Amino acid sequence: MFSHNVTYVFRPGGVALPDIPVVHRWPEWTLRGISQVVFQNNWLTGLIILGAIFYNSWVYGVACLVGTVTSTVTAVLLKADRNMVKAGLFGFNGALLGIGLNAFMSQNFTNGELPSWRLYLYIVLGAAFTAVVFSALLTAFRPFDIPALTAPFVIAAWLFIFAVVRFAHLPPGPLLTPGLPSPVQGAGDQYTWTTWYQGIGKGVGEIFFQDNWIIGFLIVLGILVNSRISAGMALLGSVLALATAIVLGAPESMVRGGLFGFNAALTAIALGGFFYVLTVRGFLYTIFGILVTTWVWAAISVALSPIGMPAFTSAFVIVTLLMLFAKGFFPGLVPVATEDATTAEDNLARWRRHVEQAEARGPAVG
Amino acid sequence: MFSHNVTYVFRPGGVALPDIPVVHRWPEWTLRGISQVVFQNNWLTGLIILGAIFYNSWVYGVACLVGTVTSTVTAVLLKADRNMVKAGLFGFNGALLGIGLNAFMSQNFTNGELPSWRLYLYIVLGAAFTAVVFSALLTAFRPFDIPALTAPFVIAAWLFIFAVVRFAHLPPGPLLTPGLPSPVQGAGDQYTWTTWYQGIGKGVGEIFFQDNWIIGFLIVLGILVNSRISAGMALLGSVLALATAIVLGAPESMVRGGLFGFNAALTAIALGGFFYVLTVRGFLYTIFGILVTTWVWAAISVALSPIGMPAFTSAFVIVTLLMLFAKGFFPGLVPVATEDATTAEDNLARWRRHVEQAEARGPAVG
Amino acid sequence: MFSHNVTYVFRPGGVALPDIPVVHRWPEWTLRGISQVVFQNNWLTGLIILGAIFYNSWVYGVACLVGTVTSTVTAVLLKADRNMVKAGLFGFNGALLGIGLNAFMSQNFTNGELPSWRLYLYIVLGAAFTAVVFSALLTAFRPFDIPALTAPFVIAAWLFIFAVVRFAHLPPGPLLTPGLPSPVQGAGDQYTWTTWYQGIGKGVGEIFFQDNWIIGFLIVLGILVNSRISAGMALLGSVLALATAIVLGAPESMVRGGLFGFNAALTAIALGGFFYVLTVRGFLYTIFGILVTTWVWAAISVALSPIGMPAFTSAFVIVTLLMLFAKGFFPGLVPVATEDATTAEDNLARWRRHVEQAEARGPAVG
């Protein structure tokens, strides 16, 4: 009703799953929840992504599952709309919160460690809180038909992780180190082919906090199952962000780690065909969004450096929200109503039919 | 009209005050303003709280009075709705701003000092500004029927107190010391019974910046005059926040000082019966809100530590606003329209009558 | 439609420009864009201000032009409303972003240097982004009939300039130095007549980042061409902010540099006759706004000091937005609908006619 993909369609490829009772469809809802992180409503996409995460770290795979299930269960207990639950819309922010808090609280970010019971309870409550924030934001954005994106995850994650330095039993990971920002010195680093292929892969992988370039390409593959355009956009976002960071002289280790890319990849998927039809202007608008997201990630990471906290996907959220909120003023773009946004391909096909029909009727009067 | 308790009902206990001309009712409006800090519209509650503050520090008692009167006068001069003025709705943010700025600008936070004339003028203008922020927020929240809570106080207080380090004639108090956050080390502090009884009392007392555990229990008594549920919730919020902070290993001095509790106590009153009917789900939702508020206070205090500024009641405001904004998505909860919210007891009684009538009519068709 | 001055009236003084084809009117639109920074829709005002900036620094004059044209072109390419484009409404935030980023990234703030090609491209994209943010904010504020002010500039500038410390090829200027805030010590500085006349002039000049007191008075002259009230308000805002800063003991160099004044001057123009009719209460409300803006500038500069970033006109934006959002609650004030706001004089004259007509009809019933 208020958001994208609320209709419960069996996919992929039109092939329905065997007819099983609703009570047993939880695995499907969970997988859809994972796929919604990258704007796909497809359990196979979710399965491939989850598999890729497990391949990198079973700890993060479990965290992803726990997060998705917890936020979905919270919504079910509070009797939220069942179609939204089925489409995985209450799950994707929980998925990110689960992995994200686990990762930044681990001594080893790349592979993670199983949290203490206190920390796991904390993470579970954080995932549950994303369901509340999601509902709150959808309420506030409803008059404008704007989606919440991953803002619920970002807000809940910040509200929870900022606090850990006050608690002896929630020791923060080594990446959470406060310090005043200082400018990069010198003429800039040297970049190699390793920078490129690792940076591009991790630029997608870091969406799910996976510091592993192979996982990134597996995630692209997962998206490809549901939408070629979205898969292409994810890659384009990561590539273009990496190129931009190199042109501007960003530190090589950050570029190779995909840090400039994961927000841009999400912006690319969201603007490139999903919430705007992929017209020529829409494509240029998406390129613009990718560029801006690249340095807005840097901007927010700088703003948070005195408290040593991560930017998460806030850059994607801020830039994409602004570029969506602007839609009413720019008739040169073709926005997609959030409840009609299915896949980039469907959106484009529907719009083409609409234009053809309008042309067949002849020029409008006035 | 747009907020809770705009109807001017003579209380407590249905006993009207003697019939005196409107022009002489200022004392009553002021006392109601003080009671509205804890969501009560009852001059006796206000009187008990004001008395408790004076008992701790006459300086803070005066600041509370000056703040309440100033913000109310501002609203009257700008011809604001008289019923809202009478219910104390323009006063409670001014009350908090008056004490809060006075306290954090004092060399001795616990008892306070009388500010210089420059600082007092500054505080008076801050209290006046809360009336503006209150009206602005109500306007923005009106489409969603959401109250402003103490957000006007928090916003005005931040906008005013951040500035003082730039002015030689507004010397900040010793608590306003900037520093990068650093994690609590070791296995956590030892907590004693003193931690508990002082922490629980101050957890309510710090709502009014009273670093005195006895005052906290007197405030609970003041609330009790108007609503047993709200009094119980204030205590529950303080106790649960303290227990949570101890489980997570927070510094003993902060726990004993009630710092984790005063936001949680307000969240408890707001969600526990006042803006949601106290059903079983509503009660669990309140518990959830109390827990989250506990560490969100820590989160915001960490975020503000590089500039050395206090979090005030921002954690209560953020968590409660999010949990109220979500109401439309969670039919499992029973929200109370802000203009109908009287006391937790009344809300519950009205809802029970409503359910009974619905059952008497038999099951609804469809 | 959604904002002030959308009707395209030829000014100044009712004298139309020669009848030239629309395609050649770009210079006029650009000049109106520059004049809209100070709430005037008058190409002559824009020309005088642009001339004053060129007189101080041709680099900044070029940056102002490039920024205005870029954001306007962006709006035109996205097919934004032509009347809004003609009134310069898509230009003024780009104008500020162009000069602002150029200035803070220069080694010499006062006169500026021509940026590198990378930096210039960055600034151009920043100016383009203001058109997006402007549209997004107008969408969000539309239900309340509230203007975006210079918020699009502030948001875009922050999102862009925070990032530069991460990029070797975008070296920040010397003013962008992070540091924890520390209170002003001692009894306060000595102020001289130089503090006053330079501070007042620069308090207007810094609106356009011009660290030159003569330019400030030239800008007042430019405003005077279109509105005496607005010119007077700009001066009043600067003078009162300077006096306030002195009374509170602000550092002399900051006072002399006009840093406390440029936000207050904008608040004064906006509230003093433009968005509220200049009645007695409206005038007092404006004075209140000027005072609060003075220290809110200081507050935000303190909040940003750990990352060493500038407050820009955020204090004006925050205070004025709050004081405008409150309008529905204060019948003692006379707000002007944003699309009807032409000049302070016109607003006042229309209101007086309205009052006279109402009086001529006799007292209203009820």
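Calculation notes
- Residues numbered from 1 in each chain as written.
- Chains lettered and ligands numbered in written order.
- Predicted model: local features only at pLDDT ≥ 70, side-chain atom pairs only at ≥ 80, totals over all residues.
- Heavy atoms only, no water.
- Helix = DSSP H or I, 4+ residues; strand = E, 2+ residues; numbered from the N terminus.
- Contact = heavy atoms within 4.5 Å.
- Areas by Shrake-Rupley, 256 points an atom, 1.4 Å probe, with all protein chains shown as cover.
- Buried area = accessible area lost by both parts, 1.4 Å probe.
- Salt bridge = Lys/Arg side-chain N within 4 Å of Asp/Glu carboxyl O.
- Polar contact = N/O pair within 3.5 Å; in protein donor to acceptor, adjacent residues only side chain to side chain.
- Buried < 20%, exposed > 50% of the residue type's maximum accessible area, 1.4 Å probe, protein only.
- Axes fitted to C-alpha atoms, helices over the stretch in contact; angles between N-to-C directions.
- Parallel < 35°, antiparallel > 145°, perpendicular 65-115°, else oblique.
- Left-handed = near helix turned anticlockwise from the far one by under 90°.
- Nonpolar A, V, L, I, M, F, W, Y, C, P; charged D, E, K, R; others polar.
- UniProt positions renumbered as here; feature names shortened; annotations may be inferred.
- Least-squares fit on C-alpha atoms with pLDDT ≥ 70 in both.
- Core = buried A, V, L, I, M, F, W, Y, C linked by side-chain atoms within 4.5 Å.
- Domains from an automatic or database assignment.
- Phe/Tyr/Trp six-rings, centres within 6.5 Å; stacked < 30°, edge-to-face > 60°.
- Patch = residues over 30% accessible without salt bridge, like charges linked within 9 Å, V, L, I, M, F, W, Y side chains within 5 Å.
- pLDDT = per-residue confidence, 0-100.

Asks: Please clarify how the overall build of chain A should be interpreted in this entry.
Replies: For chain A, the helix and strand inventory stands at 15 helices and zero strands. When its C-alpha atoms are laid out on the principal axes, chain A stretches across 70 × 55 × 35 Å. A separation threshold of at least 6 residues defines the contact pool for chain A, and within that pool the share at least 24 residues apart is 75%. Within the structure as shown, chain A displays about 12200 Å² of accessible surface, and the carbon and sulfur contribution to it stands at 66%.

Asks: Got a minute to help me understand the interface of chain C and chain B in this structure?
Replies: Frequently, the measure chosen for interface size is the accessible area that the parts lose on association. Contact with chain C, which involves 41 residues of that partner, is made by 43 residues of chain B. Summing the contributions of chain C and of chain B, the shared interface buries around 3600 Å²; its carbon and sulfur component is 79%. Ranking the residues of chain C by area buried against chain B places Leu248, Trp295 and Phe329 of chain C at the top, with a combined share of 21%. At the boundary of chain C and chain B, one finds zero salt bridges. Our enumeration of links across chain C and chain B arrives at nine residue pairs in polar contact (both at pLDDT 80 or more). Of all elements in the fold, only helix 10 (228-248), helix 13 (280-304) and helix 14 (314-325) of chain C reach the threshold of two or more residues within the side of chain C that touches chain B. By residue number, the principal contributor to the side of chain C that touches chain B is helix 13 of chain C, which donates twelve residues.

Asks: Help me out: how do you make sense of helix 7 (residues 151-161) of chain C in this one?
Replies: Working note: α-helix, 3.6 residues per turn, so residues spaced by three or four point in the same direction. Taking burial as the measure, the eleven residues of helix 7 of chain C include nine buried ones, the bulk of the element. Along helix 7 of chain C, the residues classified as buried are Ala151, Pro152, Phe153, Val154, Ala156, Ala157, Leu159, Phe160 and Ile161 of chain C. Where helix 7 of chain C is buried, its residues touch helix 13 (280-304) and helix 14 (314-325) of chain A together with helix 5 (92-104), helix 6 (117-141) and helix 14 of chain C.

Asks: Where do I start with the packing of helix 6 (residues 117-141) of chain B against helix 14 of chain C in this structure?
Replies: Each pair of packed helices gets described by two things: the angle between the helix axes and the distance between those axes. Two elements in contact, helix 6 of chain B and helix 14 of chain C, have axes whose closest approach is 7 Å; the angle formed by their N-to-C orientations is 70 degrees. In terms of orientation, helix 6 of chain B lies roughly perpendicular with respect to helix 14 of chain C. Classified by chirality, the crossing of helix 14 of chain C by helix 6 of chain B is left-handed. Contacts between helix 6 of chain B and helix 14 of chain C involve Phe129, Val132, Val133, Ser135, Ala136, Thr139 and Ala140 of chain B from the first element and Val319, Leu322, Met323 and Phe325 of chain C from the second.

Asks: Would you mind going over unusual backbone geometry with me for this structure?
Replies: It is generally the case that most residues other than glycine have a negative phi and that most peptide bonds are trans. Residue and element names in this part refer to chain A. A positive phi angle, close to 50 degrees, is found at Asp145, a residue other than glycine. Here Asp145 lies in the loop between helix 6 (117-141) and helix 7 (151-161). In this structure Asp145 comes out as partly exposed when scored by relative accessible area, which is 26%.

Asks: I keep staring at the environment of Val62 of chain B and nothing clicks. Help me out?
Replies: All names here are of chain B. As for its placement among the helices and strands, Val62 is situated in helix 3 (residues 58-77). Sequence separation between Val62 and Gln107 is 45 residues; the distance between their C-alpha atoms is 17 Å. Once residues within four sequence positions are removed from consideration, Val62 is found in contact with Phe54 and Tyr120.

Asks: Can you walk me through the interface of chain A and chain C in this structure?
Replies: Taken together, the contact between chain A and chain C spans 41 residues of the former and 43 residues of the latter. Summed over both partners, the interface of chain A with chain C buries about 3600 Å², with 79% contributed by carbon and sulfur atoms. When residues of chain A are sorted by the area they lose upon contact with chain C, Leu248, Trp295 and Phe329 of chain A head the list and together hold 21% of the total. Counting across the interface, chain A meets chain C through zero salt bridges. Linking chain A to chain C there are nine residue pairs in polar contact (both at pLDDT 80 or more). For the side of chain A that touches chain C, the secondary structure elements donating two or more residues are helix 10 (228-248), helix 13 and helix 14 of chain A. Ranked by residues supplied to the side of chain A that touches chain C, first place goes to helix 13 of chain A with twelve residues. Per-class residue counts for the side of chain A that touches chain C are 34 nonpolar, six polar and one charged.

Asks: Looking at this model, I keep getting lost on the UniProt feature "site: Important for channel permeability" (unreviewed entry) in chain A. Mind explaining?
Replies: Residue and element names in this part refer to chain A. As annotated by UniProt and renumbered to match this structure, "site: Important for channel permeability" (unreviewed entry) occupies Thr313. Here Thr313 shows up in the loop between helix 13 and helix 14. You can call Thr313 buried: its relative accessible area is 2%. A polar contact of 2.8 Å, which involves the side chain of Thr313, links it to the side chain of Thr150.

Asks: Just checking my understanding: could you explain the relation of the copies chain C and chain B for this structure?
Replies: Once turned by 120 degrees and shifted 0.0 Å along the axis, chain C lies on chain B with an RMSD of 0.0 Å. Such a combination of rotation and displacement between the chain copies is what one expects of a three-fold axis. Taking the C-alpha atom as reference, chain C places Pro306 of chain C closest to the rotation axis, 3.8 Å from it. Both copies present different contact surfaces, since only 5% of the interface residues of chain C are interface residues in chain B too.

Asks: Please clarify how the nonpolar core should be interpreted in this entry.
Replies: Generally speaking, soluble globular proteins have nonpolar side chains that are buried together. One finds Phe129 of chain A, Phe129 of chain B together with Phe129 of chain C to be the most contacted residues of the largest nonpolar core, which totals 409 residues. Beyond its immediate chain neighbours, meaning those up to four positions away, Phe129 of chain B contacts Ala156, Leu159 and Phe160 of chain B together with Phe288, Val292, Val319, Leu322 and Met323 of chain C.

Asks: For this particular structure, what's the right way to read the domain arrangement of chain A?
Replies: All names here are of chain A. Partitioning chain A into structural domains gives domain 1 (16-177) and domain 2 (186-366). Using only C-alpha atoms to locate each centre, domain 1 and domain 2 end up separated by 21 Å. With 40 residues of domain 1 in contact, the opposing surface of domain 2 contributes 41 residues. For the pair domain 1 and domain 2, the two sides together bury roughly 3700 Å², of which 76% comes from carbon and sulfur. Applying the counting criterion to the domain 1 and domain 2 interface returns one salt bridge. Among the ionic pairs, Lys327 bridges to Asp145, the shortest N-O distance being 3.9 Å. Where domain 1 meets domain 2, there are eleven residue pairs in polar contact (both at pLDDT 80 or more). Secondary structure elements with two or more residues in the side of domain 1 that touches domain 2: helix 2 (43-56), helix 5 (92-104) and helix 7.

Asks: I keep staring at the packing of aromatic side chains and nothing clicks. Help me out?
Replies: Scanning the entire structure with this criterion turns up 81 aromatic pairs over all chains. For the pair Phe90 of chain B and Phe134 of chain B, a centre-to-centre distance of 5.2 Å together with 75 degrees between the ring planes defines the contact as edge-to-face. Of the two residues, Phe90 of chain B sits in the loop between helix 4 (82-86) and helix 5 (92-104) while Phe134 of chain B sits in helix 6, which places them 44 residues apart along the sequence. In this structure an aromatic cluster arises from ring pairing among Phe104, Phe109, Phe153, Phe209 and Phe312 of chain A.

Asks: Any chance you could explain a nonpolar patch on the surface here in plain terms?
Replies: Residue and element names in this part refer to chain A. Taken together, the side chains of Tyr55, Trp193, Tyr197, Trp213, Ile214, Phe217 and Leu235 define a hydrophobic patch exposed on the protein surface, amounting to about 750 Å² of accessible area. Those elements that place two or more of their residues in the nonpolar patch are helix 8 (193-205) and helix 9 (213-226). Examining the composition of the nonpolar patch, we find that three residues originate from one element, helix 9, more than from any other. As for its placement among the helices and strands, Phe217 is situated in helix 9. Under the relative-accessibility criterion, Phe217 is labelled partly exposed at 33%.

Asks: How should the side chain of Gln210 of chain B be read in this particular structure?
Replies: Mapped onto the elements, Gln210 of chain B comes out in the loop between helix 8 (193-205) and helix 9 (213-226). The residues touching Gln210 of chain B, leaving out its near neighbours within four places in the chain, are Ile53, Asn56, Tyr60, Ile99, Gly205 and Ile215 of chain B.

Asks: Hey, could you run me through the confidence of the model for chain A in this one?
Replies: Atom-level detail of predicted coordinates should not be read off regions where pLDDT is low. Residues and elements named next belong to chain A. Across chain A, pLDDT averages 92, with 92% of residues at or above 70. Here residues 1-17 scores under 50 on pLDDT; set against residues more than four positions off or in separate chains, the count is 57 contacts. Two numbers describe this predicted complex: its pTM, 0.94, and its ipTM, 0.93.

Asks: Looking at this structure, how should I read the relation of the copies chain A and chain C?
Replies: What relates the two chain copies is a rotation about an axis together with a slide along it. Taken as rigid bodies, chain A and chain C are interconverted by a rotation of 120 degrees and an axial shift of 0.0 Å, the fit giving an RMSD of 0.0 Å. A share of only 5% of interface residues in chain A that are also interface residues in chain C marks the association as one of differing surfaces.

Asks: Looking at this structure, I do not really get the UniProt feature "transmembrane region" (unreviewed entry) in chain A. What am I missing?
Replies: Residue and element names in this part refer to chain A. Mapped onto this numbering, the UniProt entry annotates "transmembrane region" (unreviewed entry) at residues 90-107, 119-141, 148-168, 214-247, 259-277, 283-304 and 311-330. With 72% helix and 0% strand, residues 90-107 has its two end C-alpha atoms placed 29 Å apart. Secondary structure content for residues 311-330 is 60% helix and 0% strand, and the end C-alpha separation is 29 Å.

Asks: Explain the side chain of Thr286 of chain B here, please?
Replies: Residue and element names in this part refer to chain B. Tracing the backbone through its elements, the reader meets Thr286 in helix 13 (residues 280-304). Using a relative accessible area of 0% as the deciding quantity, one classes Thr286 as buried. A polar contact of 2.7 Å, which involves the side chain of Thr286, links it to the backbone oxygen of Gly282. Apart from residues no more than four positions distant in its own chain, Thr286 is found in contact with Met233, Ala268, Leu271 and Gly272.

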